Amino acid sequence: MAGLPKRILKETQRLLTDPVQGINATPDEQNARYFHVVVAGPKDSPFEGGTFKLELFLPEEYPMAPPKVRFMTKIYHPNIDKLGRICLDILKDKWSPALQIRTVLLSIQALLSAPNPDDPLANDVADAWKTNEHLAIQTGEESFLYMYFIFTSLLYFTRFCLLFNNFS
Amino acid sequence: MADSENSKKGQYGDSKSLEEKEKKRKSESLDKEGDRVVQVEKDLSKLKIKEDIVPFDMKCPICQDKSRHPLTLPCGHTFCYLCIKGVYARQKVCALCRQAIPQHCIVSPPGTGEREEEEGRKTCWYYEAKSGGWWEYEERVRQELEIHYQSLQINNEDNQDDGQFVIYVSGFPYVVDFAKMIQYRQDKPNRSRRIKREKGVAEEGEELVRGVAGIPIAPSIRQDDN
Ligand SMILES: [Zn+2]
Ligand SMILES: [Zn+2]
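The shown structure was predicted, so the numbers you read here are calculated from the model rather than taken from an experiment.

Definitions and cut-offs
- Residues numbered from 1 in each chain as written.
- Chains lettered and ligands numbered in written order.
- Predicted model: local features only at pLDDT ≥ 70, side-chain atom pairs only at ≥ 80, totals over all residues.
- Heavy atoms only, no water.
- Helix = DSSP H or I, 4+ residues; strand = E, 2+ residues; numbered from the N terminus.
- Buried < 20%, exposed > 50% of the residue type's maximum accessible area, 1.4 Å probe, protein only.
- Contact = heavy atoms within 4.5 Å.
- Areas by Shrake-Rupley, 256 points an atom, 1.4 Å probe, with all protein chains shown as cover.
- pLDDT = per-residue confidence, 0-100.
- Donors = N, O, S within 2.8 Å, 3.2 Å for Na, K, Ca; no water.
- Tetrahedral: all angles 85-135°; square planar, octahedral: opposite > 155°, others 65-115°.
- Pairing = 2+ DSSP bridges.
- Axes fitted to C-alpha atoms, helices over the stretch in contact; angles between N-to-C directions.

Here's the deal with the overall build of chain B
Phase 1 of the analysis: Within chain B, the secondary structure is distributed over six helices and ten strands.
Phase 2 of the analysis: Counting only residues that meet the buried cut, chain B has 41% of its 226 residues in that class.
Phase 3 of the analysis: In chain B, the share of contacts with a sequence separation of at least 24, taken over all contacts with a separation of at least 6, comes to 48%.
Phase 4 of the analysis: Within the structure as shown, chain B displays about 13,000 Å² of accessible surface, and the carbon and sulfur contribution to it stands at 48%.

A few points about the confidence of the model for chain B
Do not read the predicted coordinates in detail wherever pLDDT is low.
Phase 1 of the analysis: When pLDDT is averaged across chain B, the result is 75; 63% of the residues are at 70 or more.
Phase 2 of the analysis: Throughout residues 26-41 of chain B the model reports pLDDT below 50, and contacts reaching past four residues in sequence, or to other chains, amount to 16 contacts.

Section: the coordination of the zinc ion (ligand 2)
Residue and element names in this part refer to chain B.
Phase 1 of the analysis: Looking at the zinc ion (ligand 2), the protein donor atoms are C75 (SG), H77 (ND1), C94 (SG) and C97 (SG), and they sit 2.0 to 2.4 Å from it.
Phase 2 of the analysis: Metal-centred angles of 105 to 113 degrees between the four donor atoms at the zinc ion (ligand 2) mark the site as tetrahedral.
Phase 3 of the analysis: Along the chain, the residues donating to the zinc ion (ligand 2) fall in the pattern C-x1-H-x16-C-x2-C.

Regarding the sheet that holds strand β3 (residues 51-57) of chain A
Residue and element names in this part refer to chain A.
Phase 1 of the analysis: Taken in spatial order, the four strands line up as β1-β2-β3-β4 in an open sheet, and their pairing is antiparallel. For this open sheet the edge positions go to β1 (23-27) and β4 (68-71), each flanked by a neighbour on one side alone. The average undirected angle you get between the axes of adjacent strands in this sheet is 20 degrees.
Phase 2 of the analysis: Relative to β4, β3 is paired through four bridges, and the arrangement is antiparallel. In the sheet register, L56 faces β4, and the bridge partner there is V69.
Phase 3 of the analysis: Most of the contacts of helix α1 (residues 6-17) go to β1, to which it runs at about 130 degrees, and overall it touches β1 and β2 (34-40).
Phase 4 of the analysis: Sheet strands in contact with helix α2 (residues 101-113) are β1, β2, β3 and β4, and its direction is about 35 degrees off that of β2.

Looking at the environment of P42(A)
Residues and elements named next belong to chain A.
Phase 1 of the analysis: Note that P42 resides in the loop between β2 and β3.
Phase 2 of the analysis: On the accessibility criterion, P42 (4% relative accessible area) is buried.
Phase 3 of the analysis: Along the primary structure P42 and A114 are separated by 72 residues, whereas in three dimensions their C-alpha atoms are 10.0 Å apart.
Phase 4 of the analysis: Excluding residues that lie within four positions of it along the chain, P42 makes contacts with F47, E48, Q109, L112 and S113.

Observations concerning the confidence of the model for chain A
Phase 1 of the analysis: Per-residue confidence for chain A gives a mean pLDDT of 80; residues scoring 70 or more make up 69%.
Phase 2 of the analysis: Within chain A, the element-level pLDDT minimum falls on helix α5 (residues 143-167) of chain A, averaging 52, and the maximum on β3(A), averaging 97.

Observations concerning the pairing of strand β5 (residues 164-169) of chain B
Phase 1 of the analysis: Burial along β5(B) is one-sided: F165(B), I167(B) and V169(B) are buried, while Q164(B), V166(B) and Y168(B), pointing the other way, are not.
Phase 2 of the analysis: Between β5(B) and strand β6 (residues 172-177) of chain B, which pair antiparallel and follow one another directly, the connecting turn spans two residues, one of which, S170(B), has a positive phi of 55 degrees.

Quick look at the pairing of strand β3 (residues 123-128) of chain B
As a general feature of sheets, a regular strand has side chains that alternate between the two faces.
Residues and elements named next belong to chain B.
Phase 1 of the analysis: For β3, a buried count of five out of six residues is recorded, marking the element as mostly surrounded by other parts of the structure.
Phase 2 of the analysis: Relative to strand β4 (residues 134-136), β3 runs antiparallel, the two being bridged by three bridges. Pairing of Y126 across the sheet is with E136, part of β4.
Phase 3 of the analysis: Where β3 hands over to β4, the hairpin turn is made up of five residues, of which G132 adopts a positive phi near 95 degrees.

Considerations on unusual backbone geometry
For residues that are not glycine, phi is negative in most cases, and the peptide bond is trans in most cases.
Phase 1 of the analysis: Cis geometry marks the peptide bond from Y62(A) to P63(A), where omega comes out at 5 degrees.
Phase 2 of the analysis: With respect to the helices and strands, P63(A) occurs in the loop between β3 and β4.
Phase 3 of the analysis: Here the phi dihedral of R98(B) falls at roughly 65 degrees; this positive angle occurs in a residue that is not glycine.
Phase 4 of the analysis: Position of R98(B) among the secondary structure elements: in the loop between α3 (81-90) and α4 (103-107).
Phase 5 of the analysis: Even without a glycine there, the phi angle at M181(B) is positive, about 50 degrees.
Phase 6 of the analysis: Owing to a relative accessible area of 23%, M181(B) belongs among the partly exposed residues under this scheme.

Below you can see the structure in the form of structure tokens.
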């Protein structure tokens, strides 16, 4: 009866009408707090060409508490365990209620390119909020944020190759 | 972008014509109580659409709505009082820049507890203040309470409802019991407070109304009222 908080409605609406490049998030028909997510493996990463299914759940406390996100597709990655659980600080102690579903998914996409980064969103929530809002108004795209992630990806790429080889 | 702008306008336009249709429909079938629930929900969704045109600098980064009883922290970032109170209860740092939130900001907020003007408002909802008097519920919580209350009146004949439900305030679950007219945080059932619903909108300062959601009415305004 209580219905969904306005914020969740708005986030969902925008995810559907203005999706992030390479990320598809669709709410479940039975449960609007549960999202089926498909993330495309980022360009220039070992995951390029692959698609990865995830599940994302918004607990009742959201956005005071972070969404629960898990990889459903098996993936070999130093920050993702066998059960698909993700080691990412913004999903734990560095969560901020100013982050959103789309920023979380962008962060996960970036994690595929750059394992174990000091997550840029953890340090720059304010920028992410501003960027997210202004781009939504001006161009409706995430291109700037996306380029930013590609840039950080490249930075971490060398380090990633080493880690990845060790892991597998 | 042009497309998405158009589609936004389209939605807005649709909601207006929906509104008119709904009015017609309402006058035709006022007796049907089920329709009243629909009407309440429609009213709420109309509010939501209108509020969507919130300038960025007036938007709360947490609820992403117009900041209600805004509180600006020493770092310069502004949030709804209840939103940042929820953050303070958990992380004690600003949601945008992670600077520590001083306790006094939350415990003794500046007097911005004035009631918001709202057209067509018919009821007030209050909860008991710890040290006497009443706090008015924050606008959004009050709207949710009223919807629950009205749906309970309608469903009462079926007697399936025990008159209890849970609302989230600052990210914490509160049990509201309409049979006993009390509320308590779900994890602290022995600390219940009385609640009351009143028809009409009482003048501020009447009946020991201290402000909204724990934020006192600014002292100067209170003097004016007296
Ligand atoms: Zn807010
Ligand atoms: Zn701040």
